[in-house]
Amino acid sequence: MFAVTTLVAVSFSIGSFRIGDAEKPFLYSVLLWIILVFSALSGLSRSFVKEEEAGTIDVLKLSARPQAVFLGKLFFNLTLLGALELIIVPLFILLMNYKIASPGLFAAMIISGGFGLGAGTTIVAAMIAQASARGALFSVLSFPLLLPLMITAIKGCERATDGMNTAGWPEVRIAVAYTIIMIIMSLFLFPLIWEE
Amino acid sequence: MYSLKVSKICKHYAGTLLFKDISFELRPGEVLAITGWNGSGKSTLLRIIAGLVRPSLGKVEMFMEDEPIPKESRRKFLGMVAPALALYDELTALENMEFFCKVRGIAYDRENSLKIMERVGLTENATKTCRKYSSGMKQRLKLVQALLHNPPLLLLDEPGCNLDSNGMKIVEDIILEHRQLGMTVIASNEKREVAYADRAINLSE
């Protein structure tokens, strides 16, 4: 709901006619990723907090391997993010009259960026689950972790929009590498967070 | 054969000493009671044994045929019931059992789950979501969850909590039956529950 509200607000406020053609690739990419990242931050932080609040976290700790719990939560967050992207991206393209020169690169960037976003937010969600000021802490911890991914994803979408220098899809590669590194690091780090 | 060794456990909480130098050994067939006033640390000691809380000092070891079981594998060998341990309210009792079987990596057998539920008097409510359960029914379901994988170590924190006399009888039967299989640690002040223990540790002393 947050994502749709933001998207509608953006499209009504600065709709396609107010932005010059030269600025469109960059500004549209920035706006799209701002909507995606902030929607993800508002929803994905709940994955471990919900277990903590429901009191099910201890029984989960006693039953499952930490890595299995992490991968389960990651899969859930990626599914949620996938559903969010499936709704938001087509709506954004439609409402903003977003013309994409290289749809393949654009789709790959959205998917790989989404995977990176899911991996980054899942481990931060685990870190903040037992803290008191969860909302603020989630934003503070996510910011440095997600910033490189956001810059990469914006650049990749900008490239896909204007269709210039698309060979090799370097931003997609960076996002895929970011996701792999984040998942491997999280699998090592998560058991330490999972214990008291 | 399994055994449990607790050595010189000490726990500080928020700068206050909760308990210190708690040591005991437990062998199959033994039942230990941990007693003490509210806030004396009974539940914390049980959580330390389960590996949910780190002790400030000391260590907990579990052995299988005198070989130490790594801490990260200990969860496979213990079942725990505690007021703070909640099950998934949005799932039915059977779905909860299926979930816990799957995350524990054991095959889910609906018939076996129904048999265990019959033992605690929950068969008729097995397909109801746990949200609709009374606190006593939830406590019975927690007992099922703890026994699902036949653990050699059973940790019972206030096992009679919210239970009526029928429920208390079930807990007693479980303690007696588990005596044949493994070790039991009960944290409680209820005389009826403590009566089944071979020995007791009073944390208030």
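*Asks:* Is there a simple way to explain the overall build of chain B in this structure?
*Replies:* Of regular secondary structure, chain B possesses six helices and nine strands. Referenced to the eigenvectors of the C-alpha coordinate spread, the extents of chain B come out at roughly 45 × 35 × 35 Å. Within chain B, the fraction of its 205 residues that count as buried is 51%. By sequence separation, contacts in chain B at least 24 residues apart represent 72% of the contacts at least 6 residues apart. Put simply, chain B shows about 9900 Å² of open surface, and 50% of that area lies on carbon and sulfur atoms. Chain B carries 29 positive and 26 negative side-chain charges, and their two centres are separated by 5 Å.

*Asks:* Help me understand the interface of chain B and chain A, please; the structure alone is not making it clear to me.
*Replies:* Interface extent is often summarised as the accessible area lost during association of the parts. Facing 21 residues of chain B, the contacting portion of chain A comprises 15 residues. Together chain B and chain A conceal approximately 1600 Å² of surface at their shared face, both sides included; 51% is due to carbon and sulfur atoms. Looking only at chain B, the three residues that lose the most surface to chain A are L52(B), R54(B) and R75(B), adding up to 35% of its buried area. For the pair chain B and chain A, the interface holds two salt bridges. Between E90(B) and K50(A) there is a salt bridge whose closest N-O contact spans 3.2 Å. The interface formed by chain B and chain A includes six residue pairs in polar contact (both at pLDDT 80 or more). Mapped onto the side of chain B that touches chain A, the elements with two or more residues apiece are α1 (42-50), β6 (78-81) and α2 (93-104) of chain B.

*Asks:* Help me understand the state of the cysteines in this model?
*Replies:* Following the criterion strictly, the structure yields zero disulfides over all chains and no others. For C161(B), which is in no disulfide, the shortest distance to another cysteine sulfur is to C130(B) and amounts to 16 Å.

*Asks:* Could you clarify how one ought to interpret the nonpolar core in this entry?
*Replies:* Nonpolar side chains in soluble globular proteins tend to be buried together. L32(A), W33(A), F92(A), M117(B) and L141(B) are the most contacted members of the largest nonpolar core, which totals 92 residues. Here this core gets 12 residues from one element, more than from any other, and that element is helix α6 (residues 103-128) of chain A. Ignoring any residue separated from it by four or fewer positions in sequence, one finds L141(B) in contact with L87(B), A93(B), N96(B), M97(B), M117(B), L122(B), C130(B) and Y133(B). With 32 residues, the next largest nonpolar core counts L26(B), A82(B), A187(B) and I201(B) among its residues.

*Asks:* I'm lost on the sheet that holds strand β5 (residues 67-68) of chain B in this one. Help?
*Replies:* By definition, the strands of a sheet pair up through backbone hydrogen bonds, in either a parallel or an antiparallel sense. Residues and elements named next belong to chain B. Spatial strand order, β2-β1-β4-β5: four strands in an open sheet with antiparallel pairing. Of all the strands in the sheet, just β2 (16-26) and β5 have a single pairing partner and so form its edges. In this sheet, β2 lies alongside strand β1 (residues 2-13) in antiparallel orientation, the contact comprising seven bridges. Note that in β2 the partner of K5 across the bridge is E25.

*Asks:* It is not clear to me how the side chain of H149(B) should be interpreted in this structure. Could you clarify?
*Replies:* Residues and elements named next belong to chain B. Summarising the element assignment, H149 is placed in the loop between α4 (135-147) and β7 (153-157). Residue classification places H149 among the buried residues on the basis of a relative accessible area of 15%. Among the polar contacts made by the side chain of H149, one reaches the main-chain carbonyl oxygen of L78 at a distance of 2.9 Å. The contact partners of H149, leaving out residues within four places of it in the chain, are R75, K76, L78, G79, R104 and I106.

*Asks:* Looking at this structure, I do not really get the packing of aromatic side chains. What am I missing?
*Replies:* Aromatic ring pairs are reported here in terms of the distance separating the ring centres and the angle at which the planes meet. All names here are of chain A. All chains considered together, the criterion is met by 12 aromatic pairs over all chains. Relative to Y98, the ring of F92 has its centre 5.5 Å away and its plane inclined at 75 degrees; by these criteria the two rings are edge-to-face. There is no split in this pair, since F92 and Y98 are both buried. Here the aromatic cluster, defined as three or more aromatic residues joined through ring pairs, consists of Y28, F92, Y98 and F106.

*Asks:* Teacher, can you tell me more about the pattern of salt bridges here?
*Replies:* Once the charged atoms of two side chains with opposite charge are near each other, the side chains can pair. Residues and elements named next belong to chain A. Enumeration over the complete set of coordinates arrives at 15 salt bridges over all chains. The salt bridge involving E51 is made with K73; its shortest N-O contact spans 2.8 Å. Separated by 22 residues along the polypeptide, E51 in helix α3 (residues 46-54) and K73 in helix α5 (residues 66-95) bring together distant segments of the chain. Take E51: its relative accessible area is 8%, and that puts it in the buried class. Given a relative accessible area of 14%, K73 falls into the buried group.

*Asks:* Would you mind going over the pairing of β6(B) with me for this structure?
*Replies:* In summary, the side chains of a regular strand alternate between the two faces of the sheet. All names here are of chain B. Both faces of β6 are covered, namely the face carrying L78 and M80 and the face carrying G79 and V81. Sheet topology note: the β6/β7 ladder contains four bridges and is parallel. By the bridge assignment, M80 is partnered in β7 with L155.

*Asks:* Would you mind going over α5(A) with me for this structure?
*Replies:* Given 3.6 residues per helical turn, the α-helix brings residues three or four places apart onto the same face. Residue and element names in this part refer to chain A. Relative to the 44 Å expected for 30 residues at 1.5 Å per residue, α5 spans 42 Å between its end C-alpha atoms, a close match to the ideal helical length. Tucked inside the fold, the buried residues of α5 contact α1 (2-14), α2 (24-44), α3, α4 (57-63), α6 and α8 (170-194). N97, located one to two residues past α5, shows a positive phi value of around 55 degrees.

*Asks:* Would you take a moment to explain the packing of α4(B) against helix α5 (residues 165-181) of chain B for this structure?
*Replies:* When two helices pack together, their arrangement is captured by the angle between the axes and the distance separating the axes. All names here are of chain B. Axis separation between α4 and α5 bottoms out at 11 Å; the angle between their running directions is 15 degrees. With respect to α5, the axis of α4 lies roughly parallel. The handedness of the crossing between α4 and α5 comes out as left-handed. Across the interface between the two elements, R140, L143 and L147 from α4 touch N166, G167, I170, V171 and I174 from α5. By residue class, the composition of the contact of α4 with α5 is five nonpolar, two polar and one charged.

What counts, and where the lines are drawn
- Residues numbered from 1 in each chain as written.
- Chains lettered and ligands numbered in written order.
- Predicted model: local features only at pLDDT ≥ 70, side-chain atom pairs only at ≥ 80, totals over all residues.
- Heavy atoms only, no water.
- Helix = DSSP H or I, 4+ residues; strand = E, 2+ residues; numbered from the N terminus.
- Buried < 20%, exposed > 50% of the residue type's maximum accessible area, 1.4 Å probe, protein only.
- Contact = heavy atoms within 4.5 Å.
- Areas by Shrake-Rupley, 256 points an atom, 1.4 Å probe, with all protein chains shown as cover.
- Lys, Arg positive; Asp, Glu negative; His and termini not counted.
- Charge placed at Lys NZ, Arg CZ, Asp CG, Glu CD.
- Buried area = accessible area lost by both parts, 1.4 Å probe.
- Salt bridge = Lys/Arg side-chain N within 4 Å of Asp/Glu carboxyl O.
- Polar contact = N/O pair within 3.5 Å; in protein donor to acceptor, adjacent residues only side chain to side chain.
- Disulfide = S-S within 2.5 Å.
- Core = buried A, V, L, I, M, F, W, Y, C linked by side-chain atoms within 4.5 Å.
- Pairing = 2+ DSSP bridges.
- Phe/Tyr/Trp six-rings, centres within 6.5 Å; stacked < 30°, edge-to-face > 60°.
- Expected span 1.5 Å × (residues − 1).
- Axes fitted to C-alpha atoms, helices over the stretch in contact; angles between N-to-C directions.
- Parallel < 35°, antiparallel > 145°, perpendicular 65-115°, else oblique.
- Left-handed = near helix turned anticlockwise from the far one by under 90°.
- Nonpolar A, V, L, I, M, F, W, Y, C, P; charged D, E, K, R; others polar.

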